[in-house]
Protein chains: 2
Amino acid sequence: MHVFAVEGLPEIRAGDDIAALVADQVDLRPDDVVCVASTIVSKAEGRQADLDDYEAGERAHSIAERVGELAGEEKDPRFAQAVIDASEELLIDFPIMLAVTPFGHITVNAGIDRSNLPDADLLLLPESPGASAQALHGQLGSRVVVTDTSGRPFRYGQRGVALGWAGLPAARDWRGEHDREGKELTATVQAVVDELAAAANLVTGEGDGGTPVAVVRDWEFGAHEGSEDLFREKEDDIVRRALAAWEGKT
Amino acid sequence: MHVFAVEGLPEIRAGDDIAALVADQVDLRPDDVVCVASTIVSKAEGRQADLDDYEAGERAHSIAERVGELAGEEKDPRFAQAVIDASEELLIDFPIMLAVTPFGHITVNAGIDRSNLPDADLLLLPESPGASAQALHGQLGSRVVVTDTSGRPFRYGQRGVALGWAGLPAARDWRGEHDREGKELTATVQAVVDELAAAANLVTGEGDGGTPVAVVRDWEFGAHEGSEDLFREKEDDIVRRALAAWEGKT
């Protein structure tokens, strides 16, 4: 498996045709997995926003006050409002805003980005990364993963994750397969789209030299069952239930 | 970046010299990252155990009863005891045993494996994956990550994670670096050892054709600050605090 960043892409702006720009730089093969950072998908789809677009309501003011007190500096309640508006639900709102996006991704601040923006205060996540991936897949022919970087419980640091995918299943389902001794595997489902996003993030990076697209070449999904489920359902998520109970108590 | 599985390794047994066996199969370079599944590290280190080794105490009996009732089948309380003994703490014990290992990794059943074992009921995680990685690094010269697969909150499926590492930092610390516009990056710390483990897991697999070692070649850490912190401290982990409060209530 070979993983490489696509060099030479211009700064992406609203309305840009990402597929055409990528195809200009690299001869893609149908079984390539093209990993596209959600930031440029959002930029192309016009998901820029300004703080002036938001009028902070009561909850946003309350969040900004509590977080500002903790941080020892004033926080803009309009940003809290932007996060609330981009979320289906906030699992907790203090000391961080841990948001559920409409498409099921759980991340801090609903994934709203405040860096790398030449002409706006904020960049929202794509409205439907699955649909974005499907459109890119249709144009490019290759398999596509729309990626983000996100923190996680239990471990410090961020890692690449998938937000949307097309042309491949989200996961390999090993259930029912057997180990070398003939015992049924206890390992279950391998979230390959997240692992592809993580591999891509190793060669792209976030800073000045950031390259928002990487290609994973010569990787085979293999003869396994596929699963399309990536985002946990509420009732299957013990941590989410615990957070809801905890939030209710504080 | 090139990622490939190391073919031709024999079934690993207690006392085997993994470094020598790997070096027999592949000409390693100093900047290769050798990703070694914790299962074979455990096997070489003699971390096999049998259920008969454990005498179930009161909590283990209680866990087995509750989980057995939920699953509709009898559960062996000695397995619950094995998990308790391998853990510093159980964050919750029902409906799953979510354990903190002595080296800080949080995972279901303390990572105890019940598959792929020719001559024992159970395989415990290495006692200190960091020390194991350091020893392999010393023998091989290359960078080393000891990996596992693990589930996670919010998302279905398992993905590769790092348990120990040597010859490279756990994370790239981007703090203080700047984006294209000269703004300080809001993205912070990139857990590269987890991303390397995820990339390796894409080419190794878990079933009959499983290959427990992969090499990541031509990947550069780059000119960034490094961080050695991977496992969150208790007080920094909102989810862990929420789980503790939830566990206390039920």
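Worth saying up front: this structure is predicted, and the values here are computed from it rather than measured.

(A) Quick peek at helix α3 (residues 58–71) of chain B. Residues and elements named next belong to chain B. Across its 14 residues, α3 extends 20 Å between first and last C-alpha, which sits within 8% of the 20 Å expected from 1.5 Å per residue. Taken as a whole, α3 has its buried residues at Ala60, Ile63 and Val67. Looking straight down α3, one finds that the buried residues subtend no more than 65 degrees of arc, so they occupy a single side. Exposed residues pointing more than 90 degrees away from the buried face of α3 are listed as Glu58 and Glu69. Buried residues along α3 sit against α4 (77–85).

(B) Region of the structure containing the sheet that holds strand β13 (residues 225–227) of chain B. All names here are of chain B. Taken together, the three strands give an open sheet; going across it, the order is β11-β10-β13, and neighbouring strands pair in antiparallel fashion. On the outer flanks of this sheet lie β11 (189–190) and β13, each paired with one strand and no other. Pairing geometry for strand β10 (residues 171–173) and β13, over three bridges, is antiparallel. Bridging across to β13, alanine 171 finds its partner in serine 227.

(C) Representation of the confidence of the model for chain A in the model. Taken over all residues, the pLDDT of chain A has a mean of 92, while the share at 70 or more is 93%. The complex prediction reports pTM at 0.95, with the ipTM value standing at 0.94.

(D) Region of the structure containing helix α5 (residues 129–140) of chain A. All names here are of chain A. Over its twelve residues, α5 extends 16 Å from the first C-alpha to the last, a length consistent with the 16 Å expected when each residue adds 1.5 Å. Of the residues making up α5, those classed as buried are Pro129, Ser132, Ala133, Leu136, His137 and Leu140. Taken down its axis, α5 places every buried residue within 135 degrees of arc, on the same side. Looking at the buried positions of α5, the neighbouring elements they touch are α1 (18–25), β2 (33–37), α2 (38–44), β8 (143–150) and β9 (159–166). Positioned one or two residues after α5, glycine 141 has a phi angle of 85 degrees, which is positive.

(E) Representation of the relation of the copies chain A and chain B within the structure. For the pair chain A and chain B, the superposition axis carries a translation of 0.0 Å, the fit reaches an RMSD of 0.0 Å, and the rotation angle comes to 180 degrees. Each copy turns onto its partner about a two-fold axis. Interface residue correspondence from chain A to chain B reaches 100%, placing this contact among same-surface, isologous pairings.

(F) Representation of the interface of chain A and chain B within the structure. The interface of chain A with chain B comprises 62 residues on the first partner and 62 residues on the second. Mapped by element, the contributors of at least two residues to the side of chain A that touches chain B are β1 (2–5), β9, β11 (189–190), α6 (192–204) and α7 (238–249) of chain A. Counted by class, the side of chain A that touches chain B contains 31 nonpolar, 13 polar and 18 charged residues.

(G) The packing of α6(A) against helix α6 (residues 192–204) of chain B, seen in detail. Contact pair α6(A) / α6(B): the axes reach a minimum separation of 8 Å and the direction vectors enclose 125 degrees. Between α6(A) and α6(B), the crossing angle belongs to the class labelled oblique. Considering only the axes of α6(A) and α6(B), their crossing is left-handed. Residue-level inspection shows A:Val192, A:Asp194, A:Glu195, A:Leu196, A:Ala198, A:Ala199, A:Asn201 and A:Leu202 of α6(A) in contact with α6(B), the latter providing B:Val192, B:Asp194, B:Glu195, B:Leu196, B:Ala198, B:Ala199, B:Asn201 and B:Leu202. Here the contact of α6(A) with α6(B) is built from residues that sort into ten nonpolar, two polar and four charged.

Criteria and thresholds
- Residues numbered from 1 in each chain as written.
- Chains lettered and ligands numbered in written order.
- Predicted model: local features only at pLDDT ≥ 70, side-chain atom pairs only at ≥ 80, totals over all residues.
- Helix = DSSP H or I, 4+ residues; strand = E, 2+ residues; numbered from the N terminus.
- Expected span 1.5 Å × (residues − 1).
- Buried ≥ 20, exposed ≤ 12 C-beta atoms within 10 Å, placed from the backbone.
- Arc of directions from axis to C-beta.
- Contact = placed C-beta atoms within 7 Å.
- Pairing = 2+ DSSP bridges.
- pLDDT = per-residue confidence, 0-100.
- Least-squares fit on C-alpha atoms with pLDDT ≥ 70 in both.
- Nonpolar A, V, L, I, M, F, W, Y, C, P; charged D, E, K, R; others polar.
- Axes fitted to C-alpha atoms, helices over the stretch in contact; angles between N-to-C directions.
- Parallel < 35°, antiparallel > 145°, perpendicular 65-115°, else oblique.
- Left-handed = near helix turned anticlockwise from the far one by under 90°.

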